[in-house]
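# Coordinate analysis (summary)
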Amino acid sequence: MVRLPFAPRGAPAALAAAPADEKASVVALASGSIAGAGLDVFEQQPTPDDNPLLQMDNVVVTPHAICFTDECMRSLAESAFRAVIDVAQGRNQAMSQGDTGH
């Protein structure tokens, strides 16, 4: 866990992926150096039930997913459907990651 030098003690932390060091994260969260964390990825996937981060009141854990909005799901389904049609019609075009076919 990296402590930002300009952040006051107890500043909230936003983590986009797994903490670099879960043990250091537990210490920082327990000591109040970091007020809280939101996590969707752990060093070990799936994380064991006895992971100390799962027992902390100042940690929020959510499933790891790109998105769960209706718009995103529709776009993913449409993209997959178009890819199936393209392959069936002999148009096997490689799609880059994140390409929705638009």
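Residues numbered from 1 in each chain as written. Predicted model: local features only at pLDDT ≥ 70, side-chain atom pairs only at ≥ 80, totals over all residues. Heavy atoms only, no water.

### Examining the overall build of the protein chain
Using the following cut-off: Only DSSP runs of H or I covering at least 4 residues are called helices, and only runs of E covering at least 2 are called strands; the numbering of each starts at the N terminus. Type-normalised accessible area, obtained with a 1.4 Å probe on protein chains alone, sets the label of each residue: buried when under 20%, exposed when over 50%, and partly exposed for intermediate values. Only heavy atoms matter for contacts: two residues are in contact if any of them lie within 4.5 Å across the pair. In these tables, accessible area is a Shrake-Rupley quantity obtained with a 1.4 Å probe, and a residue counts as shielded only by the protein chains included in the view.
A count of helices and strands for the protein chain gives two helices and two strands. Secondary structure elements in the protein chain, listed N-terminal to C-terminal, are α-β-β-α. Looking at the protein chain as a whole, 25% of its 102 residues are labelled buried. In the protein chain, the proportion of contacts linking residues at least 24 apart, taken out of those at least 6 apart, comes to 32%. Roughly 7500 Å² of accessible area belongs to the protein chain as shown, and the carbon and sulfur atoms make up 59% of that amount.

### Topic: helix α1 (residues 22-31)
Every buried residue of α1 is accounted for by Glu22, Ser25, Val26, Ala28 and Leu29. As for α1, its buried residues are in contact with β1 (37-39) and β2 (59-61). Directly beyond the C-terminal end of α1, a positive phi value near 90° is found at Gly32.

### Topic: helix α2 (residues 70-88)
Cut-off, in case you're wondering: Multiply 1.5 Å by the residue count of a helix minus one, and that product is the helix's expected span. Each direction from the helix axis to a C-beta atom contributes to the arc, which is the arc of those directions.
With 19 residues, α2 extends 27 Å between its outermost C-alpha atoms, agreeing within 8% with the 27 Å of an ideal straight helix rising 1.5 Å per residue. Burial in α2 covers these residues: Cys72, Ser75 and Ser79. Around the axis of α2, the buried residues are gathered within 65° of arc, so they sit on the same side. Across α2 from its buried face, at more than 90 degrees, point the exposed residues Asp70, Arg74, Phe81, Val84 and Ala88. A positive backbone phi angle near 80° is found at Gly90, which sits one or two residues after α2.

### Considering a nonpolar patch on the surface
To be explicit about the condition: In this analysis, a patch consists of residues with relative accessible area above 30% that form no salt bridge, clustered at 9 Å for like charges and at 5 Å for the nonpolar side chains Val, Leu, Ile, Met, Phe, Trp and Tyr. By definition, a salt bridge exists where a carboxyl oxygen of Asp or Glu is found within 4 Å of a side-chain nitrogen of Lys or Arg.
A surface patch of nonpolar side chains, amounting to about 320 Å² of accessible area, comprises Phe68, Met73 and Leu76. Examined against the element boundaries, Leu76 turns out to sit in helix α2.

### Remarks on the pattern of salt bridges
If you walk through the whole model with that rule in mind, you get two salt bridges. A salt bridge links Glu78 to Arg74; the nearest nitrogen and oxygen atoms lie 2.7 Å apart. Of this pair, Glu78 and Arg74 both sit in helix α2, four residues apart, which is roughly one turn of that helix. Given the relative accessible area of 26%, Glu78 is considered partly exposed. The exposure class of Arg74 is exposed, given its relative accessible area of 59%.

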